[in-house]
Amino acid sequence: MRATPNADTRPEIRLRSQLHRCGLRFRKNYVIRTPARVVRTDIAFPGKRVAIFVDGCFWHGCGQHCRYPQSNAAWWLAKIARNRERDLEVNSALSTDGWRVLRVWEHEDPFATAQRVLRELADP
Ligand SMILES: [Zn+2]
């Protein structure tokens, strides 16, 4: 759980340093104004139109790690369902606007993710 959803998280920072190590230059917290909505990405390659999100296991409902708190379980369930719905809306707003979207879980290995990013960028 993170107290301030907009602050940089450790998984984002780890992924960014791995991307730097691969010699990649990118923008962090890059804002994209699509016709449908304004989206703040975690990492973006504007030239390639590739947007990356590092989704927190709790807030985005990772099947392996998201455990709803015992109290107010129904409220949390609804809250996380709304977050997931918004993720889909964001994905569709971006892809309609010509962006490729890569979503990774915070639990994923930054090295493996960096390899995926490299492949995505190499794909014309
Ligand atoms: Zn997870």
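Residues numbered from 1 in each chain as written. Predicted model: local features only at pLDDT ≥ 70, side-chain atom pairs only at ≥ 80, totals over all residues. Heavy atoms only, no water.

J.: Let's hear about empty space enclosed by the protein: which residues, and what values?
T.: Summed over all chains, the structure comprises one cavity of 30 Å³ or more. The calculated volume of the largest cavity comes to roughly 60 Å³. Along the walls of the largest cavity sit Pro11, Arg14, Leu15, Val54, Val104, Trp105, Glu106, Glu108, Pro110 and Thr113, which together make up its complete lining. Looking at the lining of the largest cavity, the elements that each hand over two or more residues are α1 (10-21), β6 (100-105) and α3 (110-122). Broken down by element, the lining of the largest cavity gets its largest block of residues, three residues, from α1. Looking at the lining of the largest cavity residue by residue, the class counts come to six nonpolar, one polar and three charged. (1 Å grid on protein atoms, 1.4 Å probe; cavity = no way out; pocket = protein on both sides within 12 Å on 5 of 7 lines; lining within 4 Å. Points joined across faces, edges and corners; volume = space filled by probe spheres on them. Helix = DSSP H or I, 4+ residues; strand = E, 2+ residues; numbered from the N terminus. Nonpolar A, V, L, I, M, F, W, Y, C, P; charged D, E, K, R; others polar.)

J.: How would you sum up the pairing of strand β5 (residues 50-55)? Please name residues and give values.
T.: For β5, the buried fraction is high: six of the six residues fall into the buried class. Alternating positions in β5 separate into two faces, Val50, Ile52 and Val54 on one and Ala51, Phe53 and Asp55 on the other, with burial throughout. Note that strand β4 (residues 43-45) and β5 share three bridges and pair antiparallel. Its bridge partner lying in β5, Ala44 is registered against Ala51. What sits between the antiparallel neighbours β4 and β5 is a turn of four residues, in which Arg49 has the positive phi angle 55 degrees. Inspection of the sheet shows β5 paired to β6 by six bridges, in the parallel sense. The residue of β6 that forms the bridge with Ile52 is Leu102. Once the chain exits β5 it traverses helix α2 (residues 73-96) before rejoining the sheet at β6, and the crossover so formed is right-handed. (Buried < 20%, exposed > 50% of the residue type's maximum accessible area, 1.4 Å probe, protein only. Pairing = 2+ DSSP bridges. Right-handed = clockwise from strand over helix to strand, strands pointing away.)

J.: Go over the coordination of the zinc ion, please, and point to the residues and values.
T.: Surrounding the zinc ion are the protein donor atoms Cys57 (SG), Cys62 (SG), His65 (ND1) and His107 (ND1), which sit 2.0 to 2.4 Å from the metal. Given four donor atoms and angles of 103 to 120 degrees at the metal, the environment of the zinc ion is assigned as tetrahedral. Assessed through its relative accessible area of 5%, Cys57 is described here as buried. Take Cys62: its relative accessible area is 2%, and that puts it in the buried class. (Donors = N, O, S within 2.8 Å, 3.2 Å for Na, K, Ca; no water. Tetrahedral: all angles 85-135°; square planar, octahedral: opposite > 155°, others 65-115°.)

J.: So what's going on with α2? Residues and values would help.
T.: The end-to-end C-alpha separation of α2 is 35 Å, in line with the 34 Å expected for 24 residues at 1.5 Å each. When we look at burial in α2, the residues that qualify are Trp76, Ile80, Asn83, Asp87, Val90, Ala93 and Leu94. On its buried face, α2 is in contact with β2 (31-33), β3 (38-40), β5 and β6. Following α2 by one or two positions, Gly98 has its phi on the positive side, about 90 degrees. (Expected span 1.5 Å × (residues − 1). Contact = heavy atoms within 4.5 Å.)

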